[in-house]
Amino acid sequence: MAQMIAADRLKKIYVDAKRGDVVAVDAISFDCVEGEIFGILGPNGAGKTTALRMLATILAPTSGSALLNGYDIVREPEKVRGSIGYLSGETGLYARLTPREILRYFGLLNRYPKDTLEERIHNLVTLFDMHEFADVRCEKLSTGMRQKVSIARAVVHDPPILIFDEPTAGLDILVADALLTYIEECRGQGKCVVFSTHVMSEAERICDRIAVIHRGRILAVGSLDELRARTGQRFLEKIFLSLVRGGGEG
């Protein structure tokens with residue numbers, strides 16, 4: 001399987017007026033291949049969002065590097081953006097546009113073929129069960145409806161790499177389950193998926209490998225069975241606590 005993401009000692013330092021230099025992400029390295037869901041598991045404030053924003057070229061790293069689909073995040077950011085779909089809990093929607101208009105706009109923005117774009121939009125509207133509100137302004141939609149639109153927007157151009165940053169935050173159990181099911185289907189399509197969460201059950205359910213991150217550092221990377229063997233713990237919550245209390249890989 002082809003390597004789609006290779007992060008090498010990515011580091012991000014912020015300057016705080018009171019605290020001085022704050023290390024948000026501390027020289028993390030990992031990779032992800034096609035047809036794999038790679039989980040980044042950690043509590044709020046662990047550095048997950050900062051790491052994914054660097055991969056998505058939203059933030060520039062202080063040091064280190066990463067290749068996505070063979071493109072460098074610093075030297076070739078536009079090519080990286082064309083290769084990814086990015087979704088976070090903070091992703092906004094244009095309130096005065098309808099879901100269908102948003103999908104059309106972002107499809108064209110990402111250079112999806114014009115002659116098949118409407119078919120692609122129809123398929124996504126069907127996939128995410130959006131027919132009832134596809135032509136309603138986003139300002140009138142519920143949280144769950146808006147999240148469906150955000151997911152569809154992230155994938156409308158059919159990118160090979162998908163980056164989901166805590167995508168189920170604030171969703172009810174039905175919408176969250178539908179989203180996780182869709183992510184599992186993306187793996188079957190050969191997509192490379194990076195999925196960050198602080199919800200242990202989500203990581204257990206869908207991730208092929210998991211990186212446990214705490215205070216900006218990756219403490220361990222492996223399949224659930226590998227993490228179990230390393231810590232002697234069966235449940236992911238206990239695995240996480242064991243790694244955090246034991247200091248991980250250092």
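Coordinates for the structure precede this section.
Treat the numbers as computed from the prediction; the structure is a model and nothing was measured. Counting from 1, residues in each chain are numbered in the order their sequence is written. Local features are withheld for residues below a pLDDT of 70 in this predicted model, meaning they are given only at 70 or higher, and side-chain atom pairs are given and counted only at 80 or more; totals for whole chains, interfaces and linings count all residues. The side-chain values count all of the structure's non-hydrogen atoms but skip hydrogen atoms and water molecules.

Draft legend 1. Fine view of the overall build of the chain. The helix and strand labels rest on DSSP assignments: H or I over at least four residues marks a helix, E over at least two residues marks a strand, and numbering proceeds from the N terminus. When you go through the chain residue by residue, the secondary structure sums to nine helices and ten strands. A radius of gyration in this sense is built from C-alpha atoms; the matching globule rule multiplies 2.2 Å by the number of residues raised to 0.38. A compact globule built from 250 residues would reach a C-alpha radius of gyration of about 18 Å, and the chain, at 18 Å, matches this within 12%. In terms of principal-axis extent, the alpha carbons of the chain reach across some 50 × 40 × 40 Å. For the chain, the residues scored as buried account for 47% of the 250 residues in total. Throughout, a contact is declared for two residues whenever any of their heavy atoms are within 4.5 Å. Looking at the chain alone, contacts between residues at least 24 apart form 67% of all its contacts between residues at least 6 apart. Surface accessibility follows the Shrake-Rupley procedure with a 1.4 Å probe radius. Residue values consider only the protein chains on display as shielding. Of the roughly 12400 Å² of accessible surface on the chain, 48% is carried by carbon and sulfur atoms. A gap of 5 Å separates the mean positions of the 32 positive and 33 negative side-chain charges of the chain. Only protein chains enter the accessibility calculation, which uses a 1.4 Å probe; a residue is then buried when its area is under 20% of its type maximum, exposed when over 50%, and partly exposed in between. Under the convention used here, Asp and Glu are negative, Lys and Arg are positive, and both His and the chain ends fall outside the count. Note on charges: their place is set at NZ of Lys, CZ of Arg, CG of Asp or CD of Glu.

Draft legend 2. The arrangement of the packing of helix α3 (residues 99-109) against helix α5 (residues 143-155) in detail. Their axes nearest at 9 Å, the elements α3 and α5 cross at an angle of 20°. Taken together, α3 and α5 sit at an angle that is classed as roughly parallel. Along this stretch, α3 crosses α5, giving a crossing that reads as right-handed. Residues Pro99, Ile102, Leu103 and Phe106 of α3 lie in contact with α5, whose contacting residues are Val149, Ala152 and Arg153. Polar here means any residue other than Ala, Val, Leu, Ile, Met, Phe, Trp, Tyr, Cys and Pro, which are nonpolar, and Asp, Glu, Lys and Arg, which are charged; Gly is therefore polar. Partitioned by chemical class, the residues of the contact of α3 with α5 number six nonpolar, no polar and one charged. Whenever a helix is involved, its axis is fitted only over the stretch in contact; in every case the axis is a line through C-alpha atoms, and angles between N-to-C directions fall within 0 to 180 degrees. Any angle that falls under 35 degrees is termed roughly parallel, while one over 145 is termed roughly antiparallel, one within 65 to 115 roughly perpendicular, and all others oblique. The hand of a helix crossing depends on one turn: near helix anticlockwise from the far one by less than a right angle means left-handed, and clockwise means right-handed.

Draft legend 3. The arrangement of the sheet that holds strand β1 (residues 3-16) in detail. Spatially, the four strands line up as an open sheet ordered β2-β1-β4-β5, and their pairing is antiparallel. Single-partner strands in this sheet number two, and they are β2 (20-33) and β5 (71-72). In this structure, strand β4 (residues 63-68) lies alongside β5, joined through two bridges in antiparallel fashion. Looking at the pairing, leucine 68 lines up with tyrosine 71 of β5. Here helix α1 (residues 48-55) sits on the sheet and contacts β1, β2 and β4; the angle it forms with β1, its principal contact strand, is near 120°. Pairing between strands is defined by DSSP: at least two bridges between the two strands are required.

Draft legend 4. How the structure looks around the nonpolar core. Buried Ala, Val, Leu, Ile, Met, Phe, Trp, Tyr and Cys residues form a nonpolar core when they are joined through side-chain atoms within 4.5 Å. The biggest cluster of nonpolar side chains holds 49 residues, and the ones touching the most others in it are Leu103, Met130, Ile183, Phe195 and Ile210. If we ignore the near neighbours within four places in the chain, the residues touching isoleucine 210 are Gly39, Leu41, Ala203, Ala220, Val221, Gly222, Leu227 and Leu236.

Draft legend 5. Main features of the sheet that holds strand β9 (residues 209-214). The strand order across the open sheet formed by six strands is β6-β7-β8-β3-β9-β10, and the pairing between neighbours is mixed. The two strands at the open ends of the sheet, each matched to only one other strand, are β6 (84-88) and β10 (217-222). When the angles between neighbouring strand axes are averaged without regard to direction, this sheet yields 15°. The pairing of strand β7 (residues 161-165) with strand β8 (residues 192-197) spans five bridges and is classified as parallel. Counterpart to leucine 162 in the pairing with β8 is valine 193. Across the sheet, helix α9 (residues 236-246) touches β3 (36-41), β9 and β10, and the angle it forms with β9 is around 45°.

Draft legend 6. Quick look at the side chain of threonine 57. Within the secondary structure, threonine 57 is located in the loop between α1 and β4. Taking the relative accessible area as the measure of exposure, threonine 57 reaches 12% and is therefore buried. Setting aside residues up to four positions removed in sequence, threonine 57 forms contacts with Ile73, Pro77, Val80 and Arg81.

Draft legend 7. Quick peek at the packing of aromatic side chains. We call Phe, Tyr and Trp rings a pair once their centres come within 6.5 Å, taking the six-membered ring for Trp, and we label the pair stacked below 30 degrees between planes, edge-to-face above 60, and tilted otherwise. Going through the model one piece at a time under the given rule, you end up with five aromatic pairs. On the basis of an interplanar angle of 85° and a centroid distance of 6.1 Å, the ring pair of tyrosine 94 and tyrosine 105 is categorised as edge-to-face. In this pair, tyrosine 94 sits in the loop between β6 and α3 while tyrosine 105 sits in helix α3, placing the two residues eleven residues apart along the sequence. Using a relative accessible area of 43% as the deciding quantity, one classes tyrosine 94 as partly exposed. One cation-aromatic arrangement involves arginine 153 over phenylalanine 106; the distance from NZ or CZ to the ring centre is 4.6 Å. As a reminder, the over-ring test applies to NZ of lysine and CZ of arginine, requiring each to be within 6 Å of the ring centre and within 35 degrees of the ring normal.

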